[in-house]
Amino acid sequence: MAQIPNLDNSPLNLKALREQSQKELVDILKERKFTIRGKKCLVIDPKLSGSISLIIQTTILRENGAELRHLSAEPIQTDCTKVVYLVRSEFSLMRLICSNIHHDMSQGLQREYYVYFAPRREVVCEKVLEEEKVHNLVTIGEYPLYMVPLDEDVLSFELDLANKECLVDGNTSSLWHIAKAIHKLESSFGVIPNVRAKGKASVRIADILNRMQAEDPVNSSDMVMPEINTLILIDREVDMVTPMCSQLTYEGLLDEFLHINNGAVELDPSIMGAQQEGKKMKVPLNSSDKLFKEIRDLNFEVVVQVLRQKATSMKQDYTEMTTTHQTVSELKDFVKKLNSLPEMTRHINLAQHLSTFTSKHSFQSRLDMEQTLVEAQSYDICFDYIEELIQKQEPLVSVLRLLILFSITNSGLPKKNFDHLRRELLHSYGFEHMAMLNNLEKAGLLKKQESKGNWLTIKRNLQLVSEDTDTANPNDIAYVFSGYAPLSIRLVQHAVRSGWRSMEETLRLLPGPHSEMKRGGFSSSSSFDKLHGAPAAVDRVADGRRSLVLVVFIGGVTFAEISALRFLSAQEAMAYDMIIGTTKIINGNTLIETCMEKLGVNL
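Read on for a plain summary of the structure. Source: prediction; values computed, not measured.

Below, the discussion takes up the pattern of salt bridges. On inspection of all chains with the given rule, the structure shows 37 salt bridges. Residue Arg236 pairs with Glu561 through a salt bridge whose shortest N-O separation is 2.8 Å. Residue Arg236 is found in the loop between β9 (228-235) and α9 (241-244), and its partner Glu561 is found in helix α23 (residues 559-570); the two are separated by 325 residues along the sequence. The exposure class assigned to Arg236 is buried, which follows from its relative accessible area of 1%.

What follows is the structure in structure tokens.
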């Protein structure tokens, strides 16, 4: 099965966006202006190669004369006289390119060098090339890859560090990138008339988007109605509780335990029942797999039941096949079912592997503690539990997730307790983690209590905890965490139904400002007025499809939140389809790990 997702059923024409990105990459390889035609070595930044793999098949690159290599400190081994570097605009990558070129020069190799920045060139990078005296040997270009379709309803801006850069480093360059990506969408699908933003970064992106529209207007005169009706922008900082909780959907758990990267997991072949040893096996996970599409958003408890039922049904069909006379039509139906056997086997193996984690007592007790922390009513029990984990030296990231959840739901910890747990962490895990703890404090994830918290009010106002959640037949988004409704998705629910006005009071209790505005042919002035949702009958684009809401998360989104949005969109009362945009797919571990990234910490 191809790793590139099938986008045929996307509510927005994401296939056209992907084809445009494919064409732009092939055009680089065929570039007449720079004489890159013919055989060349395409050297790709390893982090970028995952995104490229979701855009274009490597066979197409090879058909266009490209030998493929990953950029590293090692010299490039190739007979090609033309070397094309495709990289993100990062200082460290420039050093590697310069090192490669210097090595070629020392060996007397005569080559032409091309550096293409994705999505755009940065002055600081070109300065490195100048300092290393290779600038004159390099032809520079841009590959405007601002977003990558991960699936038929998910777009990623591939900005792994956006959350840390904004909250810890004070670097807001990613906000321009996000606004540019949305503006590119508008150039294809029309100016989005309604924009609602919550959080410092989101409000700023909304402003940048308006500025871009003023400076480089999207011509929407030939469009009867924009395809995207509403844009909702939400900072991750607004809801840090959700990513710290353990996801309980099938796809969410796969990410928690196996880490889904670029729409696939890498695991030992033995997990999938294969015999080969040593090499990891890549298993694609996207909507091209029909069974995965059916079960990905279900609570894991239900997934096990569904797979059991399907396996039992197939077994019964086989028994009937071998014991009774079948018509040709019945044989055909049975063969059709057999075609889905590889998918069945794949997910039974994956579910069985996940069960080895979820059946452990430690996992169940952790879920109970998360529920207690979200309830924010048993302070001493929570404190003792976290202290015990530290003393047992449980994995650091696992401990930090609970500690952060504890801190947020209590609006920080009393100074005495805060200092005690900080000291215990450093004693148990090493003083090299001090900088990481400082980063978490800067990001507001760990803090000393300065005033009475408002989490209980937020929880009550938004009905975040459901006492009676039916995971098999859910009637609320709380099923994705077996009782906790993601705060971020509750905000989306209100924003889509009636705008921000109906929940002004609650919004003020959450981090950052909020804004609401009408754009395009309606009005360009920022306003907090309630934007009434149009009736379902008129809330459609020209060809009769439902209008779209684009929900963008600045700082990342979890698979459980994506599942909750899909659940909302599928409800009869919902007049919209939804597309999700995000800086990156995250979970609690990956979010915390970004604060450790540059500190040489082994997790």
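That covers the picture; the talk isn't over yet.
A word on the side chain of Asn229. Inspection of the secondary structure puts Asn229 in strand β9. Looking at Asn229, its side chain comes within polar contact range of the side chain of Asn194, at 3.2 Å.

To continue, consider the nonpolar core. Proteins that are soluble and globular tend to have nonpolar side chains buried together. Counting residues in hydrophobic clusters, the biggest one holds 135 residues, and the most contacted among them are Leu400 and Leu491. When residues in this core are grouped by element, the largest group, nine residues, is from helix α17 (residues 396-409). Residues within four places of Leu400 in sequence aside, it is in contact with Leu425, Met436, Leu437, Leu440, Ile592 and Met596. Ranked by size, the runner-up nonpolar core spans 36 residues in total, among them Leu175, Leu185, Ala201 and Leu548.

Here helix α4 (residues 91-106) is 16 residues long and its end C-alpha atoms lie 23 Å apart, about the 22 Å a rise of 1.5 Å per residue gives. Along α4, the positions that sit buried rather than exposed are Leu93, Met94, Ile97, Cys98, Asn100, Ile101 and Asp104. The buried residues of α4 occupy an angular sector of 155° when projected down its axis, which confines them to one face. Lining the buried residues of α4 we find β3 (82-88), β4 (112-118), α5 (123-131) and β5 (138-142). Among the residues trailing α4, Gly108 stands out with phi positive, at a value near 75°.

Conventions adopted
Residues numbered from 1 in each chain as written. Predicted model: local features only at pLDDT ≥ 70, side-chain atom pairs only at ≥ 80, totals over all residues. Heavy atoms only, no water. Salt bridge = Lys/Arg side-chain N within 4 Å of Asp/Glu carboxyl O. Helix = DSSP H or I, 4+ residues; strand = E, 2+ residues; numbered from the N terminus. Buried < 20%, exposed > 50% of the residue type's maximum accessible area, 1.4 Å probe, protein only. Polar contact = N/O pair within 3.5 Å; in protein donor to acceptor, adjacent residues only side chain to side chain. Core = buried A, V, L, I, M, F, W, Y, C linked by side-chain atoms within 4.5 Å. Contact = heavy atoms within 4.5 Å. Expected span 1.5 Å × (residues − 1). Arc of directions from axis to C-beta.

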